[in-house]
Amino acid sequence: MPRTEEEWRVRLSPEEFHVLREAGTERPWTGEYVDTKTAGVYHCRACGLELFRSDAKFDSHCGWPSFDDAIPGAVKEIPDRTLGMLRTEIRCARCDSHLGHVFEGEGFTPKDTRHCVNSLSIRLEPKEG
């Protein structure tokens, strides 16, 4: 696994690097997984760690893939005070790459949690069969 940002820059596309390593955000409704219903597991695009299962994905109409749960231990939460507000950033627990943000109390699902994730941060491994 890369150890420096320069090594990450070589491994990732410029768009992936901006989102994963510089905590950027892709434009809403442009990501490849916004409307995906394929069964499988979503992995960190940078290091391959399993992050979310497709059965946790739901349509929140926010413009980014949304999951009401992460695989236990795969995602870490960090307070984010950018943009003049307090949010909770989510990062890959293995490689510390930016995934998106998590929101609670919106009422979308019984778990009342929305992991709002950039498609550029994840890669779907479809379920076989």
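These notes cover the structure that comes with them. (Residues numbered from 1 in each chain as written. Predicted model: local features only at pLDDT ≥ 70, side-chain atom pairs only at ≥ 80, totals over all residues. Heavy atoms only, no water.)

In space, the three strands of this open sheet follow the order β2-β1-β9, with antiparallel pairing throughout. Two strands close off the open sheet at either side, each with one partner strand: β2 (50–53) and β9 (122–126). When strand polarity is set aside, the average angle formed by the axes of neighbouring strands in this sheet is 30°. By the bridge criterion, three bridges tie strand β1 (residues 40–44) to β2 in an arrangement that is antiparallel. Bridge assignment links H43 to a residue of β2, and that residue is E50. (Pairing = 2+ DSSP bridges. Helix = DSSP H or I, 4+ residues; strand = E, 2+ residues; numbered from the N terminus. Axes fitted to C-alpha atoms, helices over the stretch in contact; angles between N-to-C directions.)

For soluble globular proteins, nonpolar side chains are generally found buried alongside one another. Counting 26 residues, the largest nonpolar core has C44, L51, F52 and V75 as the members making the most contacts within it. Elements with a minimum of two residues in this core: α2 (14–22), β1, β2, β6 (87–92), β7 (98–104) and β9. With three residues, β1 is the single largest residue contributor to this core. When sequence neighbours within four positions are dropped, the list of residues in contact with C44 reads L49, L51, C92, C95, S97 and S121. (Core = buried A, V, L, I, M, F, W, Y, C linked by side-chain atoms within 4.5 Å. Buried < 20%, exposed > 50% of the residue type's maximum accessible area, 1.4 Å probe, protein only. Contact = heavy atoms within 4.5 Å.)

This part covers the side chain of K57. Along the chain, K57 turns up in strand β3 (residues 57–58). Buried and without a salt bridge, K57 has D35 as its closest oppositely charged side chain, separated by 6.5 Å. Only 3.0 Å separates the side chain of K57 from the backbone oxygen of T36, close enough to count as a polar contact. Excluding its chain neighbours within four sequence positions, the residues that come into contact with K57 are Y33, V34, D35, T36, Y42, P65, S66 and F67. (Lys, Arg positive; Asp, Glu negative; His and termini not counted. Salt bridge = Lys/Arg side-chain N within 4 Å of Asp/Glu carboxyl O. Polar contact = N/O pair within 3.5 Å; in protein donor to acceptor, adjacent residues only side chain to side chain.)

Next up on the list: the environment of K76. Along the chain, K76 falls in strand β5 (residues 75–80). Distance in space between the C-alpha atoms of K76 and F108 is 22 Å, their sequence separation being 32 residues. If we ignore the near neighbours within four places in the chain, the residues touching K76 are E89, I90, R91, C92, A93 and D96. At 2.9 Å, the side chain of K76 and the side chain of D96 are in polar contact.

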